[in-house]
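Listed below, chain by chain, are the residues.
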Amino acid sequence: MINKILRKFRRSNNTITSSETNAPVKTTSEEEEHHEWDRPIEFVFSLISNSVGLGNVWRFPYLAARSGGGAFLIPYFVLYFLIGAPLYYLELALGQFSSRGPATAFILAKGWQGVGFAMIINSVLCMLYYNVVISWALFYFISSFRKRLLWSDCGHWWNTVRCFVPGDRGTTYTINGTTFNCTKLQYQNPIQHQCTVINLTDRITATEEFYYNLLLQKSKSFDDFGTPTLYMALSLLVSWVIVCLCIIKGVKTSGKVAYFTAIFPYIVLLILIIYTSTLSGAVDGVKFYIIPKWELVGDFKTWQAAASQVFFSLGLSFGSLMAYSASNKFDNNFFKQMCIVVSCDCLTGVFAGFAVFATIGFLAKALNETVEKYAASSGPGLAFITYPEAISNMPASPFFAIIFFLMLLALGLGSQFALTDVPITSLVELFPRLKKKRPIAVVITCVISYLISITFTCPGGIYFFELLQEYSANTSMLVVGFFEVIVISYIYGFNRFMNDVEMMLRKRAAEYYLFLTWYISAPLLIIIITITKLISAEPIKLGAGGGFPEYIFPRWSTILGWFIFVFCIIPIPLVFLVNYIKECLSLRAAKRNPKSPIQNNVPKPIYLHALTENNSPSEDWGPKRKENQIGLYQRKKETFDNHGIPLEILTGGSDRRKELSNNEQY
């Protein structure tokens, strides 16, 4: 079916001359329109923007806090080395070698194209809720243009009687062990002021009420979903408009924006770390962050959280790395670039964690709670509570709030560009006629995405956000990553793929490390983590915080979540099965035809031969651009039967058969 679609939209040919052979080489108009990075540094910065995103500043601290702080760092570093970096290498190499995105890159094994389609689904679902986080940052950014930050004090219409400002002891008065929500002077003048008794351990910070009551307008349960709220809907609309304008011309525009989105965040993070280290209680927060609880290191849940963060942060299993590297020159040194980007990404999350946990220590002390209890109850909005709280205590806080949320926008948009580019690139690959109409495809994609993601702006949208985050860009990424490495290492062949790498880099870079990780550590660790996660799965639970009690998701939402998970990975077995059936039917028809050469040249039973064909490369596998098709990938005027097998082989072409056989040696 996929081949029919591709053939239907195939373009007419034009002739150019190969620089190597001086012979006429045919190229398509699709190749002439192939987008390339203007400079390699733009590619590196775009990778940094893609990988070093909100996952490092928002998701990493949240998962670290939920998983025991320092106990999270050990599996995080281990999985980065044994799974993250090898898969990052794999996706960059595959995209650059084939000049294809995820939709067509997996024609290296015809039956496994579903891996690429699963990547696209993961990317689409992630981009829908990821831009919601960007809209939160945009709302805070706009709200920062004030002399006094809205979340720095109480007394606004969205605040409750439980609201207080950490560190501001003048807002409460304690007498005989009882605390009131007023000052001493107000307590002594009961005629004008009505003071209410408050519980020191049951208060809500002004930053929490700003986030939950004004921005989210969060409902008490998933069932109380409500309708879109004005502030969130407008913020999300502006976010999608920004994304649309920045990617409308492909890497030519997003590559320029990456200069800012990659460098600026580090400057702001450094300022925050220096300041938060001076807060009262910061030392307790940092200790919780860097000192591991060894009993949690052996907990599978800690490893599961670390694995999902590694995949999410690096952008693995989304197809964005392939889409970006497909625009590289064929001989670009992606290995050196990978080492730079992976190191930056790994250390940025740890770097940002110091600012978050220093602030958590400060807030926990102000609330008379332990660091562990406060960290566990903060939820996914942790970064939108702790960072604003730290900023509100800084001198010239509006200025620092502006640059901080500008940083969040830079981090988020860099990743969002890559995620949104995946479905657009895939559409253009499958339907080349859309290449000249790319701007229209971008606009339509962004409009549809906004209309779908507007559900997150409802009062109950945060519950749907949590559901999608748990079941789409989580376990499904591990499953897709597992099949990626299996297809490359065991089906296509490790040696064959390293030969392809050698064509690009003139060397088999990191061969022994990749052999160990692709063959053993990556698939083994991924399958162990995935199975234990599925076995230990339980309903999603949100800890008490922000004035809301602990909430366990209803049973129907868990069922919906598993449907989302299955939807993310179903293309893998489905495409394999459909292609296998097609191969069987095609071989059976050919065998019945007395004129077909396959009748006497296929010693295997049909079902085994069909399996072999299903795991074999497509006839047009290889470098997409003609000038890179050298050696075994040099196109010859061969006639193929309807099974993709050269008739020369079927009729006794011994030299060519030997050449292909040697190339299939693992």
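Residues numbered from 1 in each chain as written. Predicted model: local features only at pLDDT ≥ 70, side-chain atom pairs only at ≥ 80, totals over all residues. Heavy atoms only, no water.

1. Structural notes on the packing of helix H5 (residues 70-98) against helix H22 (residues 475-505)
Keep this limit in mind: Whenever a helix is involved, its axis is fitted only over the stretch in contact; in every case the axis is a line through C-alpha atoms, and angles between N-to-C directions fall within 0 to 180 degrees. Runs of E in the DSSP output that reach at least two residues are strands. Runs of H or I that reach at least four are helices, and both are numbered from the N terminus. Each angle gets one of four labels, with under 35 degrees taken as roughly parallel, over 145 as roughly antiparallel, 65 to 115 as roughly perpendicular, and the rest as oblique. Each crossing is labelled by how the near helix is turned from the far one, with a counterclockwise turn of less than a right angle marking it left-handed and a clockwise turn marking it right-handed. Here a residue-residue contact requires only that any non-hydrogen atoms of the pair lie within 4.5 Å. Lys, Arg, Asp and Glu make up the charged group, whereas Ala, Val, Leu, Ile, Met, Phe, Trp, Tyr, Cys and Pro make up the nonpolar group; the residues left over, Gly among them, are polar.
Direction vectors running N to C along H5 and H22 enclose 60 degrees, while the axes themselves pass 10 Å from each other. The angle between H5 and H22 places the two elements in the oblique class. In this structure, H5 meets H22 at a crossing whose hand is left-handed. Contact residues: Leu87, Tyr89, Leu90, Glu91, Ala93, Leu94, Gln96 and Phe97 in H5; Gly481, Glu484, Val485, Ile488, Phe497, Met498, Asp500, Val501, Met503 and Met504 in H22. By residue class, the composition of the contact of H5 with H22 is 13 nonpolar, two polar and three charged.

2. A look at the UniProt feature "binding site: Na(+)" (unreviewed entry) in the protein
As a reminder of what qualifies: UniProt positions are given in the numbering used here, feature names are shortened, and annotations may be inferred rather than shown by experiment. Definitions used for this entry: grid spacing 1 Å over protein atoms alone; cavity, a set of points where a 1.4 Å probe fits but cannot get out; pocket, an open set with protein on both sides within 12 Å along at least 5 of 7 lines; lining residue, one with an atom within 4 Å of a point.
Annotation from UniProt places "binding site: Na(+)" (unreviewed entry) at Val52, Asn56, Ser313, Leu411 and Ser415. Across 364 residues of sequence, these annotated residues stay compact in space, with a maximum C-alpha separation of 11.4 Å. When only the residues just named are considered, the second largest cavity is lined by Asn56, Ser313 and Ser415. Its location among the elements puts Asn56 in helix H4 (residues 54-66). The contact partners of Asn56, leaving out residues within four places of it in the chain, are Ser51, Pro61, Gln309, Ser313, Asp345, Thr348, Gly349 and Ala352. Relative to the elements of secondary structure, Ser415 occurs in helix H19 (residues 397-430). Excluding anything up to four places from it in sequence, Ser415 contacts Ser49, Asn50, Gly53 and Tyr130.

3. Here's the deal with the nonpolar core
Across soluble globular proteins, you tend to see nonpolar side chains buried next to one another. Selection criterion: Here, the term nonpolar core denotes a set of buried Ala, Val, Leu, Ile, Met, Phe, Trp, Tyr and Cys residues that are joined through side-chain atoms within 4.5 Å. For every residue, the accessible area (1.4 Å probe, protein chains only) is compared with the maximum for its type, and the residue is labelled buried under 20%, exposed over 50%, or partly exposed between those bounds.
Among the nonpolar cores identified, the biggest contains 183 residues, and Tyr88, Tyr89, Trp136, Tyr211, Phe384, Leu408 and Trp518 are the most heavily contacted of them. At 19 residues, helix H7 (residues 114-143) tops the list of elements feeding residues into this core. With residues up to four places along the chain from it excluded, the contact list for Tyr89 reads Phe334, Phe335, Met338, Met498, Val501, Ala509, Leu514 and Trp518. Ranked by size, the runner-up nonpolar core spans six residues in total, among them Ala103, Ile120, Val422 and Leu430.

4. Side note on the environment of Leu419
Inspection of the secondary structure puts Leu419 in helix H19. Between the alpha carbons of Leu419 and Asn122 there is a distance of 9.3 Å; along the sequence they are 297 residues apart. The contacts of Leu419, once residues within four sequence positions are left out, are Ser123, Cys126, Met127, Tyr130, Phe318 and Ser320.

5. A look at unusual backbone geometry
Not every positive phi belongs to a glycine, and Ser317 is a case in point at roughly 70 degrees. Structurally, Ser317 can be placed in the loop between helix H14 (300-314) and helix H15 (320-325). A relative accessible area of 0% places Ser317 in the buried class. In the Ramachandran plot, Arg506 falls in the positive-phi region, its phi being about 65 degrees despite a non-glycine side chain.

6. Comments concerning helix H25 (residues 571-592)
Stated precisely, the cut-off is as follows: A helix is expected to span 1.5 Å for every residue after the first.
The terminal C-alpha atoms of H25, which comprises 22 residues, lie 32 Å apart, in line with the 32 Å expected from a rise of 1.5 Å per residue. Listed in full, the buried residues belonging to H25 are Pro571, Ile572, Val575, Phe576, Asn579, Tyr580, Glu583, Cys584, Ser586, Leu587 and Ala590. Elements in contact with the buried residues of H25: H7, H22, helix H24 (555-569) and helix H26 (606-614).

7. Quick notes on the pattern of salt bridges
For the record, the criterion: Just to be clear on terms, a salt bridge is a Lys or Arg side-chain nitrogen sitting within 4 Å of an Asp or Glu carboxyl oxygen.
All told, the structure shown has seven salt bridges when counted by the stated rule. The partner of Lys110 in a salt bridge is Glu583, with the nearest N and O atoms 3.5 Å apart. You can see Lys110 sitting in the loop between helix H6 (102-105) and H7 and its partner Glu583 sitting in helix H25, a full 473 residues away along the chain. According to the relative accessible area criterion, Glu583 is buried, its value standing at 12%.

8. Description of the state of the cysteines
For clarity, the cut-off: The disulfide criterion used throughout: a pair of cysteine sulfur atoms within 2.5 Å.
On inspection of all chains with the given rule, the structure shows one disulfide. Here Cys154 connects covalently by a disulfide to Cys163, the sulfurs 1.9 Å from one another. Between Cys154 and Cys163 the disulfide shows an S-S torsion of about -85 degrees. By sign, it is left-handed.

9. A short note on empty space enclosed by the protein
As a reminder of what qualifies: Grid points are joined across faces, edges and corners, and a volume is the space filled by probe spheres set on the points.
Counted according to the given criterion, the structure contains five cavities of 30 Å³ or more. In this structure, the second largest cavity is lined by 15 residues; those nearest its centre are Asn50, Tyr130, Phe312, Ser313 and Ser415. The dominant element in the lining of the second largest cavity, judged by the number of residues it contributes, is H4, at three residues. Here the lining of the second largest cavity is composed, by residue class, of six nonpolar, nine polar and no charged.

10. Some points on the side chain of Glu208
Operational definition: Two N or O atoms count as a polar contact when they lie within 3.5 Å, although within protein this holds only if one can serve as hydrogen donor and the other as acceptor, and sequence-adjacent residues are included solely when both atoms are side-chain atoms.
Assignment of secondary structure puts Glu208 in helix H9 (residues 206-216). According to the relative accessible area criterion, Glu208 is buried, its value standing at 7%. From its side chain, Glu208 meets the backbone nitrogen of Thr205 in a polar contact 3.1 Å long.

11. Observations regarding the side chain of Ser392
Secondary-structure assignment places Ser392 in helix H18 (residues 383-392). Assessed through its relative accessible area of 17%, Ser392 is described here as buried. From its side chain, Ser392 meets the backbone oxygen of Glu389 in a polar contact 2.8 Å long. Here Ser392 is in contact with Leu149, Trp151, Ser152 and Ser397, once residues within four sequence places are set aside.

12. Concerning a nonpolar patch on the surface
Note the threshold: Note that patches include only residues with greater than 30% relative accessible area and no salt bridge, and the join distances are 9 Å for like charges and 5 Å for nonpolar side chains (Val, Leu, Ile, Met, Phe, Trp, Tyr). Exposure was quantified through the Shrake-Rupley algorithm and a 1.4 Å probe, taking into account, for residues, occlusion by the shown protein chains and nothing else.
Residues Phe300, Leu516, Ile520, Leu524, Ile527, Ile528, Ile531 and Ile535 make up a contiguous nonpolar surface patch of about 740 Å² in total accessible area. The element that contributes the greatest number of residues to the nonpolar patch is helix H23 (residues 511-535), accounting for seven residues. Position of Phe300 among the secondary structure elements: in helix H14.

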